[in-house]
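# Examining the three-dimensional arrangement
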Amino acid sequence: MAKKALLIGCNYPGTKAELRGCINDVWRMHRCLINRYGFAEEDIIVLIDTNHSYTQPTGKNIRSALSRLIMSAKPDDVLFVHYSGHGTRLPVETGEEDDTGYDECIVPTDMNLITDDDFREFVDKVPRGCQITIVSDSCHSGGLIQAAKEQIGESTKEGGQIIGSGFEFKHFLHRSVEHTIKSRGIHIPHGDQGYYVKNRSLPLSTLIEILKQKTGKEDIDIGKLRPTLFNMFGDDASPKVKKFMNFLLKKLEHVGGESGGHSGILGIVGSLAQEFLKQKLVENDEGIKEEVHAESNNRGLRDFGILLSGCQTDQTSADASPIGNSDNAYGAFSNAIQEIIEESGGAITNKELVLKARKKLKRQGFSQRPGLYCSDQYADTPFVC
């Protein structure tokens, strides 16, 4: 049995999205895997954005590392992934059914988003008999593996407590203002010092601002996020984004391909994409809609993925810096995991770990509620291995 891990940390240095604790989370987990769970150092891949001697955690590099991790796996192997960084969520595509009502995403250092559907595709490639545990200490991380069964949490439709799946502009404005205020940092008293806390949510308003800076285009808005990501990253963009663009291009070719050609379609796709995101697809689009989402309707019954999320899909995860000691910043959920492992000697189940983390974070003054997403067989199995 081999034990292999991928550890990803994004502090986004020098940007408006900058965090402090994500790289520290990675190195604490690195030591934990080696000292507590018997991983070999050469079997742990580290992607961080504060040291250029390491592979940078761009969207392309994260996907490539995940693919290599899974492709190298054999039955009975143990795979472990830890991500610390920003999370965000996009309104689901028009006409799409989603178990949480949003596309939950992690935010690589270059903003090339990786969605919950992308994680589902990775997990579906895990060999039979081989499990993969994903810890995501990021905002909106509940349900980050699309359609994984919710064991602990309130994020999915099955749980019955999520915000409605339809996108509402007034709700977006409210959440954007709230996240912008929180992302500036607040002080939470605790012990003798307390914490300086930012959240690990990248509001869509901030994401749009960063994309405007990167592209030099001022007309980017919510409806143009997916086309913008496609135009920026092309074949390296999220498969979910590429499927959406495929849908648009086929639709446009069907309507007016003879006059505009492919280059003409790409030139106007942004404004048309916006309209598709604002309106429901009409009934005669059913054939195309089914083609776009065919894979989600043909998934197998097996599921070897285990997700421990730092919070629910409508919550933020804290990036905490002890006052007067910012070099020791950490993710609140990652820190709770390390404390619980130390207290238990590492012998703890996935369910026990999440339940204990909920209690510990509440005692420490954090409002986030971690979640557990996996099939029934993995809820009571040991964390990691």
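See the structure shown above.
A few points on the structure. (Residues numbered from 1 in each chain as written. Predicted model: local features only at pLDDT ≥ 70, side-chain atom pairs only at ≥ 80, totals over all residues. Heavy atoms only, no water.)

## Quick look at the overall build of the chain
For clarity, the threshold we go by: Secondary structure elements are taken from DSSP: a helix is a run of H or I of four residues or more, a strand is a run of E of two residues or more, and numbering for both begins at the N terminus. Residues are treated as being in contact if the distance between any of their heavy atoms lies within 4.5 Å. All accessible-area figures derive from a Shrake-Rupley calculation using a 1.4 Å probe, and residue coverage is judged against the displayed protein chains alone.
Counting its regular elements, the chain contains 12 helices and 14 strands. Sequence-distant contacts in the chain: of pairs separated by 6 or more residues, those separated by 24 or more amount to 74%. When the accessible surface of the chain is totalled, it reaches about 16600 Å², and 50% of it is carbon and sulfur.

## Section: the environment of tyrosine 195
The criterion, for reference: To sort residues, take the accessible area from a 1.4 Å probe on protein chains only and compare it with the maximum for the residue type: under 20% means buried, over 50% means exposed, and anything in between is partly exposed.
Turning to its location among the elements, tyrosine 195 is positioned in strand β10 (residues 195-199). With a relative accessible area of 6%, tyrosine 195 lands in the buried category. A C-alpha to C-alpha distance of 5.8 Å links tyrosine 195 and alanine 320, two positions 125 residues apart in sequence.

## Regarding the pattern of salt bridges
Any two side chains of opposite charge can pair, given that their charged atoms come close. To be explicit about the condition: Salt bridges are counted wherever a side-chain nitrogen of Lys or Arg sits within 4 Å of a carboxyl oxygen of Asp or Glu.
Per the stated rule, a full pass over the model turns up 18 salt bridges. Ionic pairing is found between aspartate 103 and lysine 240, a salt bridge with its closest N-O pair at 3.0 Å. Within this pair, whereas aspartate 103 is found in strand β5 (residues 102-106), its partner lysine 240 is found in helix α7 (residues 239-278), the two being separated by 137 residues in sequence. Residues aspartate 103 and lysine 240 agree in their burial class; the two are buried. Through salt bridges with shared partners, a single network forms among Asp25, Asp137, Arg200 and Asp319.

## Details of the nonpolar core
Convention followed: To form a nonpolar core, buried Ala, Val, Leu, Ile, Met, Phe, Trp, Tyr and Cys residues must be joined to one another through side-chain atoms within 4.5 Å.
Leu33, Phe39, Phe80, Leu308 and Phe383 are the most contacted members of the largest nonpolar core, which totals 96 residues. Residues contacting leucine 33, with those up to four places away along its chain left out, are Ala5, Leu7, Gly38, Phe39, Ile44, Phe80 and Val384.

## Focus on the packing of helix α1 (residues 22-35) against helix α10 (residues 332-344)
Worth spelling out the cut-off: Note on geometry: axes are C-alpha line fits, over the in-contact stretch for helices, and angles between N-to-C directions span 0 to 180 degrees. Comment on the angle field: the value is read as roughly parallel under 35 degrees, roughly antiparallel over 145, roughly perpendicular from 65 to 115, and oblique elsewhere. Crossings are assigned a handedness: left-handed for a near helix turned anticlockwise from the far helix by less than a right angle, right-handed for a clockwise turn. The classification used treats Ala, Val, Leu, Ile, Met, Phe, Trp, Tyr, Cys and Pro as nonpolar, Asp, Glu, Lys and Arg as charged, and all other residues, Gly among them, as polar.
As a packed pair, α1 and α10 sit with axes 10 Å apart at the nearest point and diverge in direction by 25°. Comparing the axis directions of α1 and α10 gives the class roughly parallel. Of the two elements, α1 crosses α10, and the hand of that crossing is left-handed. Together, Asp25, Arg28, Met29 and Cys32 of α1 and Ser334, Asn335, Ile337, Gln338 and Ile341 of α10 make up the contact between the two elements. Residue composition of the contact of α1 with α10, grouped by class: 4 nonpolar, 3 polar and 2 charged.

## Observations regarding the sheet that holds β5
Heads up, the rule is: Only when DSSP finds a minimum of two bridges between them are two strands counted as paired.
Here 3 strands make up an open sheet; going across it, the order is β4-β5-β6 and the pairing antiparallel. Single-partner strands in this sheet number two, and they are β4 (87-91) and β6 (114-115). Pairing between β5 and β6: 2 bridges, direction antiparallel. Each residue of the ladder has a partner; that of isoleucine 106, found in β6, is isoleucine 114.

## A few points about the packing of aromatic side chains
To be explicit about the condition: In summary, the pairing rule links any two rings of Phe, Tyr or Trp, Trp by its six-membered ring, whose centres are within 6.5 Å, and it sorts them by plane angle into stacked for under 30 degrees, edge-to-face for over 60 and tilted for everything else. Here, a charge over a ring is recorded when the distance from Lys NZ or Arg CZ to the ring centre is within 6 Å and its angle to the ring normal is within 35 degrees.
Counted according to the given criterion, the structure contains 3 aromatic pairs. On the basis of an interplanar angle of 70° and a centroid distance of 5.6 Å, the ring pair of tryptophan 27 and tyrosine 54 is categorised as edge-to-face. Here the residue tryptophan 27 occupies a position in helix α1, and tyrosine 54 occupies one in the loop between β2 (44-48) and α2 (59-71), the gap between them amounting to 27 residues. The exposure class of tryptophan 27 is partly exposed, given its relative accessible area of 25%. The class of tyrosine 54 is partly exposed, set by a relative accessible area of 31%. Ring geometry for phenylalanine 80 against phenylalanine 383: centres 5.9 Å apart, planes inclined by 85°, an arrangement best described as edge-to-face. Of this pair, phenylalanine 80 sits in strand β3 (residues 78-84) while phenylalanine 383 sits in the segment after α12 (376-379), and the two are 303 residues apart along the sequence. Among the aromatic residues, those joined into a ring-pair cluster are Tyr37, Phe80 and Phe383. Here arginine 89 stacks its cationic end above the ring of tyrosine 102, 3.9 Å away from the centre of that ring. Arginine 226 extends its terminal NZ or CZ atom over the ring of phenylalanine 244, reaching a point 5.8 Å from the ring centre.

## Some points on the pairing of β2
The cut-off we apply is this: Consider the strands pointing away from the viewer: the crossover is right-handed when the path from the first strand over the helix to the second runs clockwise.
Across the 5 residues that make up β2, a large majority, 4, are buried. Note: strand β1 (residues 3-9) against β2, 5 bridges, orientation parallel. Bridging from a neighbouring strand, alanine 5 pairs with isoleucine 44 of β2. A crossover links β1 with its parallel partner β2, the connecting element being α1, and its sense is right-handed.

## Remarks on the side chain of glutamine 368
Just so we agree on the cut-off: Here a polar contact is recorded for every N or O atom pair within 3.5 Å, except that within protein the pair must consist of a potential hydrogen donor and a potential acceptor, and residues adjacent in sequence are included only if both atoms are side-chain atoms.
Positionally, glutamine 368 belongs in the loop between α11 (350-363) and β14 (371-373). A polar contact is formed between the side chain of glutamine 368 and the backbone oxygen of glycine 310, at a distance of 3.0 Å. There is a polar contact of 2.8 Å between the side chain of glutamine 368 and the backbone nitrogen of alanine 318. Residues contacting glutamine 368, with those up to four places away along its chain left out, are Gly310, Cys311, Gln315, Thr316, Ser317, Ala318, Ala332, Phe333 and Leu361.

## Section: the pairing of β5
Most of β5 sits inside the fold, with 5 of its 5 residues counted as buried. Side chains Tyr102, Glu104 and Ile106 project from β5 onto one buried face, and the interleaved Asp103 and Cys105 project onto a second face that is buried too. Where β4 meets β5, 5 bridges bridge the pair, whose relative direction is antiparallel. Residue proline 91 lies in a different strand from β5, and its bridge partner there is tyrosine 102.

## So, the packing of helix α5 (residues 204-215) against helix α6 (residues 225-233)
Interhelical geometry of α5 versus α6 gives an angle of 35° and a closest axis separation of 12 Å. Of the two possible hands of crossing, α5 and α6 adopt the one that is left-handed. Of the residues in α6, those in contact with Leu204, Leu207, Ile208, Leu211, Lys214 and Thr215 of α5 are Leu225, Thr228, Leu229 and Met232. Along the lines of polarity and charge, the residues of the contact of α5 with α6 split into 7 nonpolar, 2 polar and 1 charged.

On their own, these measurements won't tell you what the molecule is for.
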